[in-house]
Amino acid sequence: MLEKLFKLKQNQTSLKQEAIAGLTTFMTMAYIIFVNPMMLADAGMDHGAVFVATCLAAAVGCLVMGLMANYPIALAPGMGLNAFFTYTVVGEMGYSWETALGAVFLSGICFLILSLVRIREWIVNSIPMSLRIGIAAGIGLFLALIGLKSAGIVVASPATLVTLGDITAFPAVMAVLGFFLIIALVQRGMKSAVMLSILIITGLGLIFGDVQYNGIVSMPPSIMPTFMKMDLSQVFEVSMLSVVFAFLFVDLFDTSGTLVAVAQRGGFLDDKGRLPRLNRALTADSLATIVGAAFGTSTTTSYVESTAGVSVGGRTGLTAVVVGLLFIAALFVSPLAGMIPAYATAGALFYVAILMMSGLMHVEWEDLTEAAPVVVVCILMPLTFSIATGIAFGMISYAAIKLMTGRFSDLNVGILVIAALFLAKFIYS
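The name an unreviewed UniProt entry assigns to the chain is NCS2 family permease, from the organism Shewanella morhuae. In the Subcellular location (unreviewed entry) part of its UniProt record, the chain is described as follows: "Cell membrane".

What follows is the structure, encoded as C-alpha cells:
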C-alpha cells in the first residue's frame, strides 16, 4: 500500500528513511506547538484550545500534502502570520479574534480558488531560476538568523541593531555543539545526523538541569473555545478586505518561496526548473488554511523546516504523513514534546542554511542583471526578518534591472505583474 501511494522505490527511498526524515522535520518545527498558542493568547484566545487547534491544523495540512501531492513538505500555522493576526489585526486595528479568524478563513477560500484555476501555479512558475536560487539561499540565511537568535548567539543592540550575545551561556554552547555534531555525523555518512544531534543536545539539557522533565503523557485540552468561532460578518468591510489581502499576499509568497527552496534542495524540479504536481501542493496549503481557521488558529502554511527532513533523505509524501501523525501524537505527549529547547534545533537550522545556500554556485555571477537581484533577496530577507519582503524586493529589482538594461526578452508577463503589485503595495501601504 505504501509503495502504491508514495512510490518509494521509484524515489529511491524506504519506510525507515522516510520515518527518520519525518521525525527530523517534526523536531525542527515542534516549537510552533508552544509558540503559536502563546502568541494567539495575546489576542484573547484560549491557550489550551489554540494548542489543540495548532496540532490538528498541522496534522491535517501534512496529511493532505503527503497524500495529495506526495511531497515531503510539512505544514503548520506560520510564524509571522500569527504575529500579524495578534498584534496588527487584533491589537492595532481593534478587531476581535473571531473576526480575524474569519479573515483567515476567507483568505483560505481565496487561496483555494487561485490554486484550482492555476493562477498561483502560474505565478510561481513565472519566477526566474536565478531568483528561485536566491529565494532558497535567502531563506537559508533567514533560518540561520532564527537559529542564532534562539540560541542567544545573536542579540539585539540599540547601537548596531544586532551584536554578539553571551557565547559562554549554556544555550549558546549547546547550539554550537549541536551544529558541530551534525557536521561530524554527516561527514561520517549518518543520514539521521540532524535528529541525533537534537536528541543528544536535549539529553544534555536534562542532565545539566536546564531542561525540566515534565512527564510524558497528558490528555489534550478542549478545542471548543475556538472551534468554528470565525466571524464573517465584518470581513467584507473595506478595511478588513485589506487584511484578507494581506493574509493572502504574505502566505502566497511565503509558501511559494518555501516550495521552491524545498524542491531545489530535494531535487524535485524538472528539466525546466518547475515543480511537478505544484498545483496539488498549493491546493493542500489552501485547504490547510481553511481547516486551521475552522479549528481556531492563524494561517497554516508550508514550513521551510521541511528542508531538514529532505536533507536526511525525505523524498516522498510519506515524510509529511509521518510529521502529521507526530502532530496528532503531540496532543497526548505535549509535556515530552515541549522538552525540546530552542537551542537544540538551532544547530540544525544553521546546518540547513548551509545546504540551502549551496545553490548559489549556479548563479551567473558574471551577469550582473541576474546576480544583483539574488544578492538583494539574500540580504533583505534576513535583515527585514520577512521571507515575503525579501521576495518582493527581489522581484522588483529583477524587473527594474532588466528593463533599465534593455534585457526585455528575459522578462515575462508574470514577473512584471508581480513586481508591479509589490511596488504598489509598498507605495500605498
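1. Observations regarding the overall build of the chain
Each helix and strand counted, the chain has 19 helices and 4 strands in total. Since a compact globule built from 429 residues should have a radius of gyration of about 22 Å, the 21 Å found for the chain is in line with a globular shape. Taking the principal axes of the C-alpha coordinates as reference, the chain spans close to 65 × 60 × 55 Å. Of the contacts made within the chain by residues no fewer than 6 positions apart, 80% connect residues no fewer than 24 positions apart. Distance between charge centres in the chain, computed from 20 positive and 22 negative side chains, equals 12 Å.

2. Some thoughts on the environment of A392
Among the secondary structure elements, A392 is positioned in helix α18 (residues 387-404). Look at A392 and you get buried, because its relative accessible area is 1%. Along the backbone, A392 and M381 are 11 residues apart, and their C-alpha atoms lie at a distance of 9.4 Å. With residues up to four places along the chain from it excluded, the contact list for A392 reads F422 and F426.

3. Description of unusual backbone geometry
Unusually for a residue other than glycine, K7 sits at a positive phi of about 55°. With respect to the helices, strands and loops of the structure, K7 is situated in the loop between α1 (2-6) and α2 (15-29).

4. A word on the pairing of strand β2 (residues 154-157)
Judged from the 4 bridges that link them, β2 and strand β3 (residues 161-164) form a sheet pairing that is antiparallel. Bridge pairing in β3 links S157 to L161.

5. Points about the packing of aromatic side chains
According to the stated counting rule, one finds 8 aromatic pairs in the structure shown. Both rings, one in F170 and one in F208, keep their centres 5.8 Å apart while their planes meet at 55°; by these two values the pair is tilted. Here F170 is found in helix α9 (residues 170-187), whereas its partner F208 is found in the loop between α10 (193-207) and α11 (238-266), with 38 residues between them in sequence. Through a chain of ring-to-ring contacts, three or more aromatic side chains come together here, namely F170, F208 and Y343.

6. Comments concerning the environment of F170
The partly exposed category is assigned to F170, whose relative accessible area is 24%. When the C-alpha atoms of F170 and M224 are compared, they prove to be 40 Å apart, with 54 residues separating the residues in sequence. The residues touching F170, leaving out its near neighbours within four places in the chain, are L204, G205, F208, D210 and Y343.

7. Concerning the nonpolar core
If you look at the biggest cluster of nonpolar residues, it comprises 44 residues, and the most contacted ones within it are F26, I33 and F327. Of all the secondary-structure elements, those providing two or more residues to this core are α2, α3 (32-41), α4 (47-69), α9, α10, α14 (317-330) and α16 (342-357). Among the elements that take part in this core, α4 stands out by supplying 8 residues, more than any other. Not counting chain neighbours up to four residues away, the residues in contact with I33 comprise F26, F51, T54, C55, F327 and A330. By size, the runner-up hydrophobic cluster in this structure holds 31 residues, among which are A308, M381, I396 and I415.

8. Concerning the pattern of salt bridges
In the structure shown here, the tally under the stated rule is 4 salt bridges. Here R407 ties to D367 by a salt bridge, and the two come within 2.9 Å at their closest N and O atoms. Taken together, the residues R407 in the loop between α18 and α19 (413-428) and D367 in the loop between α16 and α17 (368-383) connect sequence positions 40 residues apart. Judged by relative accessible area, D367 falls into the buried class, the value being 15%. Notably, a salt bridge pairs D410 with K402, separated by 2.9 Å at the nearest N-O pair.

9. A look at the packing of helix α6 (residues 97-116) against α11
Put simply, α6 and α11 touch, their axes get as near as 9 Å, and they point 55° apart. When the axis of α6 is compared with that of α11, the two are oblique. The crossing of α6 and α11 is right-handed. Where α6 abuts α11, its residues T99, A100, A103, V104, L106, S107, C110, F111 and L114 lie against M240, V243, V244, F247, L248 and D251.

10. Quick notes on α10
Because each turn of an α-helix spans 3.6 residues, side chains separated by three or four positions end up pointing in the same direction. Under the 1.5 Å per step criterion, the end-to-end length of α10 is 21 Å for 15 residues, consistent within 8% with the ideal 21 Å. Turning to α10, its buried residues number three or more, namely A193, V194, M195, S197, I198, I201, T202 and G205. Looking at the buried positions of α10, the neighbouring elements they touch are α2, α9, α13 (306-311) and α16. Looking one or two places after α10, you find G209, whose phi comes out positive at around 80°.

11. Examining α9
If you check α9, its first and last C-alpha atoms are 26 Å apart, about what 18 residues at 1.5 Å a residue would give, namely 26 Å. Every buried residue of α9 is listed here: A172, M174, A175, G178, F179, I182 and L185. The inward-facing, buried residues of α9 contact α10 and α16. Of the residues flanking the end of α9, it is G189, one or two places downstream, whose phi is positive at about 85°.

Reading guide: rules and limits
Residues numbered from 1 in each chain as written. Predicted model: local features only at pLDDT ≥ 70, side-chain atom pairs only at ≥ 80, totals over all residues. Heavy atoms only, no water. UniProt positions renumbered as here; feature names shortened; annotations may be inferred. Helix = DSSP H or I, 4+ residues; strand = E, 2+ residues; numbered from the N terminus. Rg over C-alpha atoms; globule rule 2.2 N^0.38 Å. Contact = heavy atoms within 4.5 Å. Lys, Arg positive; Asp, Glu negative; His and termini not counted. Charge placed at Lys NZ, Arg CZ, Asp CG, Glu CD. Buried < 20%, exposed > 50% of the residue type's maximum accessible area, 1.4 Å probe, protein only. Pairing = 2+ DSSP bridges. Phe/Tyr/Trp six-rings, centres within 6.5 Å; stacked < 30°, edge-to-face > 60°. Core = buried A, V, L, I, M, F, W, Y, C linked by side-chain atoms within 4.5 Å. Salt bridge = Lys/Arg side-chain N within 4 Å of Asp/Glu carboxyl O. Axes fitted to C-alpha atoms, helices over the stretch in contact; angles between N-to-C directions. Parallel < 35°, antiparallel > 145°, perpendicular 65-115°, else oblique. Left-handed = near helix turned anticlockwise from the far one by under 90°. Expected span 1.5 Å × (residues − 1).

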